[in-house]
Amino acid sequence: METFIAIIHIITALALIALVLLQDSKGGGMGGAFGGGGSNSILGATGGATLAQKVTRIAAVIFALTSILLATFANKRSSVVDNLKNLPAAPVETAAPAVSGDAAAAATTPAPAAETTTTTQAPKK
């Protein structure tokens, strides 16, 4: 079901893009949106809505509904971030400090082994 809605969403988005680009501009820019440049008639300067405008409105409503449905489906699934809590901690590697000159030669020479002493404990009675 989620895949079907996602396909409808993509098709609607592409149709919405095409419909908006195909429509004639009103020529008023943003002034037309705020009442400037239009006539005082009820339906506006161009009259009633054209077929392209009606189809664009329907496509916008379908796009909004599929967006809400897909967001609802995504909310029911667990997040990738939620799954990070269960991962084991990665080991942290530390880089050796940079050494130059005589210190580099001393760092590559093995250090003499430390003497170990062994002690034996007397058995407890």
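Criteria and cut-off values
Residues numbered from 1 in each chain as written. Predicted model: local features only at pLDDT ≥ 70, side-chain atom pairs only at ≥ 80, totals over all residues. Heavy atoms only, no water. Helix = DSSP H or I, 4+ residues; strand = E, 2+ residues; numbered from the N terminus. Buried < 20%, exposed > 50% of the residue type's maximum accessible area, 1.4 Å probe, protein only. Contact = heavy atoms within 4.5 Å. Areas by Shrake-Rupley, 256 points an atom, 1.4 Å probe, with all protein chains shown as cover. Axes fitted to C-alpha atoms, helices over the stretch in contact; angles between N-to-C directions. Left-handed = near helix turned anticlockwise from the far one by under 90°. pLDDT = per-residue confidence, 0-100. Expected span 1.5 Å × (residues − 1). Arc of directions from axis to C-beta. Patch = residues over 30% accessible without salt bridge, like charges linked within 9 Å, V, L, I, M, F, W, Y side chains within 5 Å. Salt bridge = Lys/Arg side-chain N within 4 Å of Asp/Glu carboxyl O. Polar contact = N/O pair within 3.5 Å; in protein donor to acceptor, adjacent residues only side chain to side chain.

Notes on the overall build of the chain
Per the secondary structure count, the chain includes five helices and zero strands. Buried positions account for 8% of the 125 residues belonging to the chain. Once local pairs closer than 6 in sequence are excluded, the contacts in the chain between residues at least 24 apart make up 91%. Of the roughly 11,100 Å² of accessible surface on the chain, a fraction of 65% belongs to carbon and sulfur atoms.

Some details on the packing of helix H1 (residues 2-22) against helix H3 (residues 51-76)
At a minimum axis distance of 9 Å, the contact between H1 and H3 shows a crossing angle of 145°. Regarding H1 and H3, the two cross each other, and that crossing is left-handed. Two secondary-structure elements touch here, H1 through Glu2, Ile5, Ala6, Ile8, His9, Thr12, Ala13, Leu16, Leu19 and Val20 and H3 through Val55, Thr56, Ala59, Ala60, Ile62, Phe63, Thr66, Ser67, Leu69, Leu70 and Phe73.

Remarks on the confidence of the model for the chain
Taken as a whole, the chain shows an average pLDDT of 75; of its residues, 59% reach a score of 70 or greater. Per-element confidence in the chain is highest for H1, whose mean pLDDT is 94, and lowest for helix H2 (residues 30-33), whose mean pLDDT is 50.

Section: H1
Along its 21 residues, H1 runs 30 Å from first to last C-alpha, staying within 8% of the 30 Å computed at 1.5 Å per residue. Looking only at H1, the buried set comprises Ile5, His9, Thr12, Leu16 and Leu19. Projected down its long axis, H1 shows its buried positions confined to an angular sector of 100°, all on one face. Within H1, the exposed residues directed more than 90 degrees away from the buried face are Thr3, Ile10, Ile11, Leu14, Leu21 and Leu22.

Focus: H3
With 26 residues, H3 extends 38 Å from end C-alpha to end C-alpha; this agrees with the ideal 38 Å at 1.5 Å per step. Burial in H3 covers these residues: Gln53, Thr56, Ala59, Thr66 and Leu70. On its buried face, H3 is in contact with H1.

A closer look at a nonpolar patch on the surface
A cluster of nonpolar side chains, namely Ile10, Leu14, Ile17 and Leu21, defines an oily patch on the protein surface of about 450 Å² accessible area. Relative to the helices and strands, Ile17 resides in helix H1.

Focus: the environment of Thr56
Structurally, Thr56 can be placed in helix H3. On the accessibility criterion, Thr56 (13% relative accessible area) is buried. As for Thr56 and Leu16, which are separated by 40 residues in sequence, their C-alpha atoms are 6.2 Å apart. Discounting chain neighbours no more than four positions away, the residues touching Thr56 are Leu16, Leu19, Val20 and Gln23. Of note is the side chain of Thr56, whose polar atom sits 2.5 Å from the side chain of Gln23.

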